[in-house]
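So the chains spell out like this:
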Amino acid sequence: MLQLLASEYRMIAQDLLAIMLLAAAFIWGGGPERAVAASWVIIFKVSSFVRETFFAQSLQLMEVDVFLASTDIVAGIVFVWIALYTNRNYPLWIAAMQLLAVSAHLARGLVESILPIAYVVMIVAPGWFQLFALAFGLARHASRKRKYGPYRDWRKSQPPPGLAPPTAGSTAERMVLKSAQTSWRDNLK
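Model, not experiment: these values are computed from the prediction. (Residues numbered from 1 in each chain as written. Predicted model: local features only at pLDDT ≥ 70, side-chain atom pairs only at ≥ 80, totals over all residues. Heavy atoms only, no water.)

1. Concerning the packing of aromatic side chains
Any aromatic ring pair is given by two values, namely how distant the centres are and how the planes are angled relative to each other.
Working step 1: Evaluation of the coordinates by the stated rule reveals 3 aromatic pairs.
Working step 2: Their ring planes at 40 degrees and their centres at 6.1 Å tell us that Trp81 and Trp154 sit as a pair that is tilted. Of this pair, Trp81 sits in helix H4 (residues 66-85) while Trp154 sits in the loop between helix H6 (116-148) and helix H7 (171-180); the two residues are 73 residues apart in sequence, bridging distant segments of the chain.
Working step 3: Among the aromatic residues, ring-to-ring pairing joins Trp81, Tyr85 and Trp154 into one connected group. (Phe/Tyr/Trp six-rings, centres within 6.5 Å; stacked < 30°, edge-to-face > 60°. Helix = DSSP H or I, 4+ residues; strand = E, 2+ residues; numbered from the N terminus.)

2. Comments concerning the packing of helix H3 (residues 31-55) against H4
Working step 1: Between H3 and H4, the least distance of the axes is 10 Å, while the angle of their chain directions is 170 degrees. The pairing of H3 with H4 is recorded here as roughly antiparallel in orientation. On the side of H3, the interface is formed by Ala35, Val36, Ser39, Trp40, Ile43, Phe44, Ser47, Arg51 and Phe55, while H4 contributes Phe67, Leu68, Thr71, Asp72, Val74, Ala75, Val78, Phe79 and Ile82. (Axes fitted to C-alpha atoms, helices over the stretch in contact; angles between N-to-C directions. Parallel < 35°, antiparallel > 145°, perpendicular 65-115°, else oblique. Contact = heavy atoms within 4.5 Å.)

3. What about the confidence of the model for the chain?
Working step 1: Averaged over every residue, the pLDDT of the chain is 77; the share at 70 or more is 73%.
Working step 2: Mean pLDDT values for the elements of the chain range from 50 in helix H1 (residues 2-6) up to 89 in H4. (pLDDT = per-residue confidence, 0-100.)

4. Describing the pattern of salt bridges
Working step 1: Going through the model one piece at a time under the given rule, you end up with 3 salt bridges.
Working step 2: A salt bridge links Asp15 to Lys45, with the shortest nitrogen-to-oxygen separation between them at 3.2 Å. Residue Asp15 is found in helix H2 (residues 10-28), and its partner Lys45 is found in helix H3; the two are separated by 30 residues along the sequence.
Working step 3: For Asp15, a relative accessible area of 31% gives the class partly exposed.
Working step 4: We classify Lys45 as partly exposed; its relative accessible area is 31%.
Working step 5: A salt bridge links Asp153 to Arg88, with the nearest nitrogen and oxygen atoms 2.9 Å apart. With a gap of 65 residues between them, Asp153 in the loop between H6 and H7 and Arg88 in the loop between H4 and helix H5 (90-110) connect regions that are remote in the sequence. (Salt bridge = Lys/Arg side-chain N within 4 Å of Asp/Glu carboxyl O. Buried < 20%, exposed > 50% of the residue type's maximum accessible area, 1.4 Å probe, protein only.)

5. Side note on the environment of Val121
Working step 1: Residue position: Val121 is located in helix H6.
Working step 2: Taking the C-alpha atoms as reference, Val121 lies 9.4 Å from Ala101; in sequence the two are 20 residues apart.

6. Considerations on H6
Working step 1: The terminal C-alpha atoms of H6, which comprises 33 residues, lie 48 Å apart, in line with the 48 Å expected from a rise of 1.5 Å per residue.
Working step 2: Among the residues making up H6, those that are buried are Tyr119, Ile123, Pro126, Gly127, Gln130, Leu131, Ala133, Leu134, Gly137, Leu138 and His141.
Working step 3: Of the residues flanking the end of H6, it is Gly149, one or two places downstream, whose phi is positive at about 90 degrees. (Expected span 1.5 Å × (residues − 1).)

7. Thoughts on H3
Given 3.6 residues to a turn, an α-helix orients residues that are three or four positions apart in the same direction.
Working step 1: In this model H3 runs 33 Å from its N-terminal to its C-terminal C-alpha over 25 residues, within 8% of the 36 Å that 1.5 Å per residue would give.
Working step 2: Of all the residues in H3, the buried ones are Gly31, Pro32, Glu33, Ala35, Val36, Ala37, Ser39, Trp40, Ile43, Phe44, Ser47 and Arg51.

8. Quick word on the nonpolar core
The nonpolar side chains of soluble globular proteins are, as a tendency, buried together.
Working step 1: One finds Phe79, Ile94 and Leu134 to be the most contacted residues of the largest nonpolar core, which totals 22 residues.
Working step 2: At the level of elements, H2, H3, H4, H5 and H6 are the ones that each hand at least two residues to this core.
Working step 3: Apart from residues no more than four positions distant in its own chain, Ile94 is found in contact with Val36, Phe79, Gln130, Ala133 and Leu134. (Core = buried A, V, L, I, M, F, W, Y, C linked by side-chain atoms within 4.5 Å.)

Okay, structure coming up:
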């Protein structure tokens, strides 16, 4: 196993591991797991294929790689949106790692003394931590689903209409009523 990680086939092994994990997310995951996997495939794999096929351009390391920076920014927006609306914690880590990759492009644009190998590590390493977070989240989702049964995938953006805070009475009365009122989250499983 260690010989495979040190050989020239390391990139192929990493890609196969990523594809198997993304397939597992589509098969056994809920909505957030599928959203992260679909975003990963579309943003990173398809855009990489498009870059290699139509632009025949290699990775730019001496200055900011505009194509890669734009895909990282789009991925950052998508992963932050998923993290804000999902009923899971691990997408926050995925979004944070993506923001680290975006900040690597900013650092490369601001500082010319960054070595090309450091630039590559700063933009590639967060992706593997994202895959580990997805694997952890998928495992936690499967164990929660097995233990507690189905549960909601996404948070609601607004409370139901019947749970609005009281508006009549004095300030003290409203505070007492508001503290005794159940939250819209209390009604959800």
